[in-house]
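Chains, contacts and geometry: an overview
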Amino acid sequence: MTNNIKSSTISGHDEIQAARRQINQLDQSIIDLLKKRFETSARIGRIKEESQLPVLDNDREKQVLEQVAQHDSDAETQKYLQNIFQAILKNSRDYQHQLMQKESK
Ligand SMILES: O=C(O)C(=O)C[C@]1(C(=O)O)C=C[C@@H](O)C=C1
């Protein structure tokens, strides 16, 4: 009995470790993709600066969030994905603003 509890605890521990290794790899992929996304956003930001266009484009942001919704039909995870992408869009805008400020100095 004691042994069973111990071994199930150990295998639970191993399972957590394995899942965490997977999360580490997934996080690395997410970081790589987000870096690429920021670079692309910076490119748009430079064009907007040259053309004197505002950083915020509400229609485009709505489109991005709709695209996210279309890619995930699971209502359970949808609200979290929406939150994440709202944060991504905000940080994308902040990054563009920061680059514009730097370039104007
Ligand atoms: O598509 C643009 O116009 C962008 O500047 C990119 C981006 C984005 O990160 O997706 C960022 C800010 C805008 O409000 C809309 C979208």
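An unreviewed UniProt entry lists the chain under the name Chorismate mutase, with Lentilactobacillus sunkii DSM 19904 as the source organism.

Attention now goes to the site of the ligand. Around the ligand, the neighbouring residues are Arg37, Ile44, Lys48, Val55, Leu56, Asp57, Arg60, Glu61, Leu89, Ser92, Arg93 and Gln96. Here Arg37 contributes a side-chain N or O atom positioned 2.8 Å from an oxygen atom of the ligand. Relative to its unbound accessible surface of 360 Å², the ligand loses 92% to contact with the protein. Among the secondary structure elements, those contributing two or more residues to the shell around the ligand are α1 (2-50), α2 (58-71) and α3 (75-104). At four residues, α3 tops the list of elements feeding residues into the shell around the ligand.

Note on pairing: side chains with opposite charge can pair once their charged atoms come close. Evaluated as defined, the whole model comprises two salt bridges. Close ionic contact of Arg93 with Glu61 constitutes a salt bridge, the shortest N to O distance being 2.8 Å. Placement of Arg93 in helix α3 and of Glu61 in helix α2 is noted, with a sequence separation of 32 residues between them. On the accessibility criterion, Arg93 (23% relative accessible area) is partly exposed. With a shortest N-O distance of 2.5 Å, Lys90 and Asp94 are connected by a salt bridge. On the criterion of helical spacing, the pair formed by Lys90 and Asp94 is a turn pair, its members being four residues apart in helix α3. Relative accessible area serves as the criterion here: at 43%, Lys90 is assigned to the partly exposed category.

As for its placement among the helices and strands, Ser92 is situated in helix α3. For Ser92, a relative accessible area of 8% corresponds to the buried category. Residues within four places of Ser92 in sequence aside, it is in contact with Arg37, Phe38 and Ser41.

Attention shifts here to the environment of Ala42. Tracing the sequence through the fold places Ala42 in helix α1. Residue contacts for Ala42: discarding those within four places in its chain leaves Tyr95 and Leu99.

Next up on the list: the packing of aromatic side chains. Centre-to-centre distance and the angle between the planes together describe a pair of aromatic rings. One pass over the full model with this rule turns up one aromatic pair. Seen from their ring centres, Phe38 and Tyr95 are 5.3 Å apart, and the 75° between their planes marks the pair as edge-to-face. In this pair, Phe38 sits in helix α1 while Tyr95 sits in helix α3, placing the two residues 57 residues apart along the sequence. Classification of Phe38 as partly exposed rests on a relative accessible area of 26%.

About the cut-offs
- Residues numbered from 1 in each chain as written.
- Predicted model: local features only at pLDDT ≥ 70, side-chain atom pairs only at ≥ 80, totals over all residues.
- Heavy atoms only, no water.
- Near = heavy atom within 4 Å.
- Polar contact = N/O pair within 3.5 Å; in protein donor to acceptor, adjacent residues only side chain to side chain.
- Areas by Shrake-Rupley, 256 points an atom, 1.4 Å probe, with all protein chains shown as cover.
- Helix = DSSP H or I, 4+ residues; strand = E, 2+ residues; numbered from the N terminus.
- Salt bridge = Lys/Arg side-chain N within 4 Å of Asp/Glu carboxyl O.
- Buried < 20%, exposed > 50% of the residue type's maximum accessible area, 1.4 Å probe, protein only.
- Contact = heavy atoms within 4.5 Å.
- Phe/Tyr/Trp six-rings, centres within 6.5 Å; stacked < 30°, edge-to-face > 60°.

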